[in-house]
Amino acid sequence: MDLFSAEATLQPIPIDDGELSFLSQLPLAQPNDVLLHRLLDEITWREETIYLFGKAQKQPRLSAWYGEASYTYSGRTFHPLPFTPLLLEIRRAVEDATGKRYNSVLLNCYRNERDSMGFHSDDEPELGAEPAIASVTFGATRTFILKHRKLAKTVKLDLTDGSLLLMAGTLQRHWRHGINKETKPRGMRINLTFRLIR
Ligand SMILES: O=C(O)CCC(=O)C(=O)O
Ligand SMILES: [Fe+2]
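Position numbers for residues start from 1 in each chain and track the written sequence from start to end. As they are written, the chains are lettered A onward and the ligands numbered 1 onward, keeping that order. Residues qualify for local features only when their pLDDT is at least 70, as the model is predicted, and side-chain atom pairs are given and counted only at 80 or more; totals for whole chains, interfaces and linings, by contrast, use all residues.

1. Quick word on the UniProt feature "domain: Fe2OG dioxygenase" (unreviewed entry) in the protein chain
Reasoning step 1: The feature "domain: Fe2OG dioxygenase" (unreviewed entry), as annotated in UniProt, sits at residues 101-198 in this numbering.
Reasoning step 2: Spanning residues 101-198, this segment combines 4% helix with 49% strand, and its end C-alpha atoms are found 11 Å apart. UniProt positions are given in the numbering used here, feature names are shortened, and annotations may be inferred rather than shown by experiment. Only DSSP runs of H or I reaching four residues or more are called helices, and only runs of E reaching two or more are called strands; each is numbered from the N terminus.

What follows is the structure, encoded as structure tokens:
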């Protein structure tokens, strides 16, 4: 094995007012494309309805919650499904790589370039003051955009197949993040954000 072909540990990404680190390939027991298709098949995906200015709208992606604690998100309380063996396996890899523990995961499936995630912070009180949120991507690359709440600063990161991004420290307090729609065709992408809910 070529030990120098890729970084083996999380590398810090310099950013003001928070902590970000990135690992281009999370060590996993199965290839990324096998895990992408297993997640697509084994997860109970839902197309949630959201209310925007009082109007019902389908969320522009599929999503699912798994874990050990109920959770409030965008003003709604979710009762997660229990972790599956596949999710436990991915969680173990994420815990080993980040040195932190997680009891919940939000999964999002971006079916194509038209799916997206609006700008938000993962700053719900049950996540605590400086939450560690570990984000794993399978499938197509999409651009993860961070916008500072007060300063005119934007950071863009390409989240590639098999990558791990750790958001920590005061990042959620000072920055919002999201995934824009794209104009060029994109294949399917599944993202998992592991969290610790208290
Ligand atoms: O898909 C992504 O990379 C972002 C997901 C996200 O922000 C979230 O699950 O809260
Ligand atoms: Fe988020």
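2. What to know about the sheet that holds strand β14 (residues 175-179)
Reasoning step 1: Should DSSP find at least two bridges between two strands, the strands are regarded as paired. Taken in spatial order, the four strands line up as β9-β14-β11-β12 in an open sheet, and their pairing is antiparallel. Bordering the open sheet on either side are β9 (117-120) and β12 (154-159), each of which pairs with just one other strand. Strand-to-strand twist of the sheet, defined as the mean angle between neighbouring strand axes without regard to direction, takes the value 15°.
Reasoning step 2: Where strand β11 (residues 142-148) lies against β14, five bridges are found, and the strand directions are antiparallel. Bridge assignment links His148 to a residue of β14, and that residue is Trp175. Note on definitions: angles span 0 to 180 degrees between N-to-C directions of axes, and those axes are lines fitted to C-alpha atoms, for helices only across the stretch in contact.

3. Some remarks on the environment of Arg92
Reasoning step 1: You can see Arg92 is positioned in helix α2 (residues 85-98).
Reasoning step 2: A residue is classified by how many C-beta atoms lie within 10 Å of it, and Arg92, with 12 of them, is exposed.
Reasoning step 3: Spatially, the C-alpha atoms of Arg92 and Thr170 are 25 Å apart, while their sequence positions differ by 78 residues. Backbone-placed C-beta atoms define the burial measure: a residue is buried with 20 or more other C-beta atoms within 10 Å of its own, exposed with 12 or fewer, and partly exposed in between.

4. Description of the site of ligand 1
Reasoning step 1: Residues are classed as near a molecule or strand if the C-beta position derived from their backbone is within 6 Å of it. What surrounds ligand 1 is the set Leu106, Asn108, Met117, Asp122, Ser135, Phe144, Leu159, His177, Ile179, Asn191 and Thr193.
Reasoning step 2: Of all the elements in the fold, those that place two or more residues in the shell around ligand 1 are β8 (104-110), β14 and β15 (189-195).
Reasoning step 3: Amino acids outside the nonpolar list (Ala, Val, Leu, Ile, Met, Phe, Trp, Tyr, Cys, Pro) and the charged list (Asp, Glu, Lys, Arg) are all regarded as polar, and Gly is one of them. Classifying every residue of the shell around ligand 1 by side-chain character gives five nonpolar, five polar and one charged.

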